[in-house]
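Chain residues, written in single-letter form:
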Amino acid sequence: MSYEPNAVPALPGGVLRSIRRLTQRRGRDLAGKFLVEGRQAVREALKAEQLVQDVIVQDPSRHADLLAATSATVWTADEATMRQLSDTVTPQGIVAVCRQFSFDWDDLSDARLIVICAQVRDPGNAGTVIRCADAFGADGVILTSGSVDIYNPKTVRSTVGSLFHMPILTGATLSEAVNRVRAMGMQVLAADGVGEPLDLKAAKGELSRPTAWIMGNEAWGLPAEDAKLADTSVAVPMWGQAESLNLSSAAAVCLYATASAQRRAS
């Protein structure tokens, strides 16, 4: 079944029940699928070949350009049904059912810039870090064991489609991730409040090398034993009165500085 103007069938109850299970992690894991909500995120998902299986819309005419370009099954649903599939206060009226994807270390073999999220558990932070990595041209993101489910609806939504733009590896321990990227010839830097200032490291030309950044947990940061796994700790200098930066802001600054240095050196 595919999209045809003025002939989009209503979402059957049985299909709704199976899709609704994807709002919970157990349901996602059993089905090997996840939900993508919002026009921009669905647009990016549709660009990933054969990833989208179903698209549910409240108003087909509003999203005709997206629907006309997909071979996925398209359904209509009323506002109440869309709310069942959304975790936002105001649903955007379009949801896609996607197959889960998987990557391995070979997908990062030529990487020059990677982010390692060490037990990052807030879905919004994880999604925003992925979006920042995409924005600054990183080659991949690693979420270590103990991190949030990559298919958590809030994580997916926070990436605003960047989830589909780069390899994202999950499940490795921090020590395994560090050993892997170091074997690829990358320097490993730990973002920490105490360490060599980022601007000084950039001035010495040390950010132009292939680099993997370790970003710690939102609440407790990076424990000392984890920071020791890195080659060195690096701090983002702050000249104002703010006490600290949140995880995604620190990631954005570190990624921008490194990507800029690498571009200048290339």
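Undergrad: Looking at this structure, I do not really get the overall build of the protein. What am I missing?
TA: Along the backbone of the protein there are 11 helices and 10 strands. Relative to the compact-globule value of 18 Å for 266 residues, the protein shows a C-alpha radius of gyration of 20 Å, a close match. Projected onto the principal axes, the alpha-carbon positions of the protein cover approximately 60 × 35 × 35 Å. Counting contacts in the protein only where the partners sit at least 6 residues apart, residues at least 24 apart contribute 79% of the total. Per element, the accessible surface of the protein, about 12,700 Å² overall, is 47% carbon and sulfur. Computed over 26 positive and 29 negative side-chain charges, the separation of the two mean positions in the protein equals 2 Å.

Undergrad: Honestly, the packing of aromatic side chains in this entry has me stumped. Any pointers?
TA: To describe a pair of aromatic rings, you give the distance between the ring centres and the angle between the ring planes. By the definition in use, this model includes seven aromatic pairs. Relative to Tyr151, the ring of Phe101 lies with its centre 5.6 Å away and its plane at 70°, an arrangement referred to as edge-to-face. Taken together, the residues span a long stretch of sequence, with Phe101 in the loop between strand S4 (94-99) and strand S5 (113-117) and Tyr151 in the loop between strand S6 (140-143) and helix H7 (153-159) at a distance of 50 residues. Like Phe101, the residue Tyr151 is buried in the burial classification. Through a chain of ring-to-ring contacts, the aromatic side chains of Phe34, Phe101, Phe103, Tyr151 and Phe164 assemble into a single cluster.

Undergrad: How should the sheet that holds strand S10 (residues 232-235) be read in this particular structure?
TA: The pairing of strands in a sheet comes from backbone hydrogen bonds and takes either a parallel or an antiparallel form. Read from one edge of the open sheet, six strands run S7-S6-S5-S9-S8-S10, paired in parallel fashion. Every other strand in the sheet has two partners, leaving strand S7 (168-170) and S10 as the edge strands with one partner each. Each neighbouring strand pair of the sheet contributes to a mean axis angle of 30°, computed without reference to strand direction. Sheet topology places S5 next to S6; four bridges connect them, and they run parallel. Within the sheet, the bridge partner assigned to Ile116 lies in S6 and is Ile142.

Undergrad: Just to check I follow, could you spell out the side chain of Thr211 for this structure?
TA: Along the chain, the position of Thr211 falls in strand S9 (residues 211-215). One polar contact links the side chain of Thr211 to the main-chain carbonyl oxygen of Arg209, over a distance of 2.7 Å.

Undergrad: Help me understand helix H8 (residues 174-183) in this model?
TA: The α-helix advances 3.6 residues per turn, and as a result positions three or four apart in sequence lie on the same side. All of the buried residues along H8 are Leu174, Ala177, Val178 and Val181. Each buried residue of H8 lies within a common arc of 100° when the element is viewed along its axis, so the set occupies one face. Here the buried face of H8 lies against S5, S6, strand S8 (187-197), S9 and helix H10 (224-227). Just downstream of H8 lies Gly185, where phi reads positive at about 90°.

Undergrad: Got a minute to help me understand the nonpolar core in this structure?
TA: Note on soluble globular proteins: their nonpolar side chains tend to be buried together. Counting 54 residues, the largest nonpolar core has Phe34, Val36, Val55, Val141 and Trp213 as the members making the most contacts within it. By residue number, the principal contributor to this core is helix H11 (residues 247-265), which donates eight residues. Not counting the four nearest positions on each side in its chain, Val141 is found in contact with Val115, Cys117, Ile130, Ala133, Met166, Pro167, Ile168 and Leu169. Membership of the second largest hydrophobic core comes to 21 residues, among which are Trp105, Val178, Val188 and Ala190.

About the criteria used
Residues numbered from 1 in each chain as written. Predicted model: local features only at pLDDT ≥ 70, side-chain atom pairs only at ≥ 80, totals over all residues. Heavy atoms only, no water. Helix = DSSP H or I, 4+ residues; strand = E, 2+ residues; numbered from the N terminus. Rg over C-alpha atoms; globule rule 2.2 N^0.38 Å. Contact = heavy atoms within 4.5 Å. Areas by Shrake-Rupley, 256 points an atom, 1.4 Å probe, with all protein chains shown as cover. Lys, Arg positive; Asp, Glu negative; His and termini not counted. Charge placed at Lys NZ, Arg CZ, Asp CG, Glu CD. Phe/Tyr/Trp six-rings, centres within 6.5 Å; stacked < 30°, edge-to-face > 60°. Buried < 20%, exposed > 50% of the residue type's maximum accessible area, 1.4 Å probe, protein only. Pairing = 2+ DSSP bridges. Axes fitted to C-alpha atoms, helices over the stretch in contact; angles between N-to-C directions. Polar contact = N/O pair within 3.5 Å; in protein donor to acceptor, adjacent residues only side chain to side chain. Arc of directions from axis to C-beta. Core = buried A, V, L, I, M, F, W, Y, C linked by side-chain atoms within 4.5 Å.

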